[in-house]
Amino acid sequence: MELADILAERAVLICTDVPNKHKLLHILSDRAAELTGHTAEEIFSAVASREELGSTGLGNGIAVPHGKISGLKSVTAVFARLEQPIDFDAVDEQPVDLVVMLLAPVGAGADHLKALSRVARLLRTEEVVDELRRGSDPAALHGVLTRPVETNFAA
C-alpha cells in the first residue's frame, strides 16, 4: 500500500497556532470529515478513544493517531505539519510536529496494519522527515509523502 492510495492532496495541512493535542485531533477530524463524508465528531471519537489506550506519539516529533470507523469505505490519511511542536505524550517525551492520522473501516485489519507500517517506515527515513519539516507548501509536502517507495528508500 502506498500513501498515494490513501492520502489526497487536500488532506495535507500546515497548521499554525495549534495549542494542544486535543485541538489538533479536532482539526484533523474536521478535514477527514470533508474527505470521507463521516462526521467530525465520529472521527474524533474514534481517534480519541484509541489515544486513551496509549499515545500514538512515536518519538522524534512524529505521531500517527488512528482509529476505525464503521461504514468507512477505505483507509484514509490526513497529514499535518505543525509550525510549533505540541505535547503529544510521545514515548520519548518530545513534542510532535509531524502527524499522520489514519482512519480505517471496522474490520479492515490487514489494510489498516499495512497503512500503519507504510507510514512508520516512511517517517523513519531521516531525509523524508527533514523534507517534511522544511516544506511550507501542502502540494510539495504531498509530493514528498506520496513518492514511489524506491525514491524514498535505498535498495
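Computed from a prediction, not measured in an experiment: that's the story for all the values here.

## Concerning the nonpolar core
Okay, step 1: Leu24, Phe79, Leu102 and Leu132 are the most contacted members of the largest nonpolar core, which has 52 residues in total.
Okay, step 2: No other element matches the eight residues that strand β6 (residues 96-105) contributes to this core.
Okay, step 3: Residues within four places of phenylalanine 79 in sequence aside, it is in contact with Leu7, Ala11, Val12, Leu13, Leu98, Val99, Val100, Leu132, Leu141 and Leu145.

## Here we look at helix α1 (residues 21-36)
Okay, step 1: Between its terminal C-alpha atoms α1 stretches 22 Å, which fits the 22 Å expected from 16 residues at 1.5 Å a residue.
Okay, step 2: Inspection of α1 places Lys21, Leu24, Leu25, Leu28, Ser29, Ala32 and Ala33 among the buried residues, and these make up the whole buried set.
Okay, step 3: Turning to α1, the residues buried within the fold contact β1 (12-15), α2 (40-53), β5 (76-86) and β6.
Okay, step 4: Capping the start of α1, asparagine 20 holds a side-chain oxygen 3.3 Å from the backbone nitrogen of histidine 22, two or three residues further along.
Okay, step 5: Two residues or fewer after α1 comes glycine 37, characterised by a positive phi angle close to 85°.

## Digging into unusual backbone geometry
Okay, step 1: Residue asparagine 60 is not a glycine yet carries a positive backbone phi of 60°.
Okay, step 2: Assignment of secondary structure puts asparagine 60 in the loop between β2 (57-59) and β3 (62-63).
Okay, step 3: Unusually for a residue other than glycine, aspartate 89 sits at a positive phi of about 55°.
Okay, step 4: Within the secondary structure, aspartate 89 sits in the loop between β5 and β6.

## Quick notes on the environment of proline 148
Okay, step 1: Note that proline 148 resides in the loop between α5 (138-146) and α6 (149-152).
Okay, step 2: The exposure class of proline 148 is partly exposed, given its relative accessible area of 43%.
Okay, step 3: Residues proline 148 and leucine 132 lie 16 residues apart in sequence; the distance between their C-alpha atoms is 16 Å.

## Here we look at the packing of α1 against α2
Okay, step 1: Close contact between α1 and α2 brings their axes to 8 Å; oriented N to C, the two are set at 135°. Here α1 is positioned oblique relative to α2, judged by the angle of their axes. The chirality of how α1 crosses α2 is right-handed. Contacts from Lys21, His22, Leu25, His26, Ser29, Asp30, Ala32, Ala33 and Thr36 in α1 reach Ala40, Ile43, Phe44, Val47 and Glu51 in α2.
Okay, step 2: In terms of residue class, the contact of α1 with α2 is made up of seven nonpolar, four polar and three charged.

## Some thoughts on the confidence of the model for the chain
Okay, step 1: Of the residues in the chain, 95% have a pLDDT of 70 or more, and the chain-wide mean is 92.
Okay, step 2: A low-confidence stretch, residues 151-155 (pLDDT under 50), is modelled with 10 contacts involving residues beyond four sequence positions or located in other chains.

## Structural notes on the packing of helix α4 (residues 126-134) against α5
Okay, step 1: Taken N-terminus to C-terminus, the directions of α4 and α5 make an angle of 170°; their axes are 9 Å apart at the nearest point. As summarised for this structure, α4 and α5 are arranged roughly antiparallel, according to the angle between their axes. Of the residues in α5, those in contact with Val128, Glu131 and Leu132 of α4 are Leu141, Val144 and Leu145.
Okay, step 2: Looking at the contact of α4 with α5 residue by residue, the class counts come to five nonpolar, no polar and one charged.

## Re the side chain of threonine 125
Okay, step 1: Mapped onto the elements of the fold, threonine 125 is located in the loop between α3 (109-123) and α4.
Okay, step 2: At 3.3 Å, the side chain of threonine 125 and the backbone oxygen of arginine 121 are in polar contact.

Criteria and thresholds
For every chain, the first residue of the written sequence is number 1, and numbering continues from 1 along that sequence. The model is predicted, so local features are restricted to residues of pLDDT at least 70 and side-chain atom pairs to those at 80 or more, both for listing and for counting; the totals for chains, interfaces and linings are taken over all residues. The side-chain values count all of the structure's non-hydrogen atoms but skip hydrogen atoms and water molecules. In this description, a nonpolar core means a group of buried Ala, Val, Leu, Ile, Met, Phe, Trp, Tyr and Cys residues linked to one another through side-chain atoms lying within 4.5 Å. Note on classification: 1.4 Å probe, protein chains only; a residue is buried when its accessible area is under 20% of the maximum for its type, exposed when over 50%, partly exposed between these limits. Here a strand is any run of E in DSSP of at least two residues, a helix any run of H or I of at least four, and the numbering for each starts at the N terminus. In this analysis, two residues are considered to be in contact whenever any of their non-hydrogen atoms come within 4.5 Å of each other. Here, expected helix span is obtained from the residue count minus one, scaled by 1.5 Å. We call two N or O atoms a polar contact when they sit within 3.5 Å, provided that within protein one can donate a hydrogen and the other can accept it, with sequence-adjacent residues counted only if both atoms are side-chain atoms. A fitted line through C-alpha atoms serves as each axis, taken over the contacting stretch for helices, and the angle formed by two N-to-C directions is quoted from 0 to 180°. Angle categories: roughly parallel below 35 degrees, roughly antiparallel above 145, roughly perpendicular from 65 to 115, and oblique for all the rest. Crossings are assigned a handedness: left-handed for a near helix turned anticlockwise from the far helix by less than a right angle, right-handed for a clockwise turn. Asp, Glu, Lys and Arg are counted as charged, while Ala, Val, Leu, Ile, Met, Phe, Trp, Tyr, Cys and Pro are counted as nonpolar; the rest, among them Gly, fall into the polar class. In predicted models, pLDDT denotes the confidence assigned by the predictor to each residue on a 0 to 100 scale.

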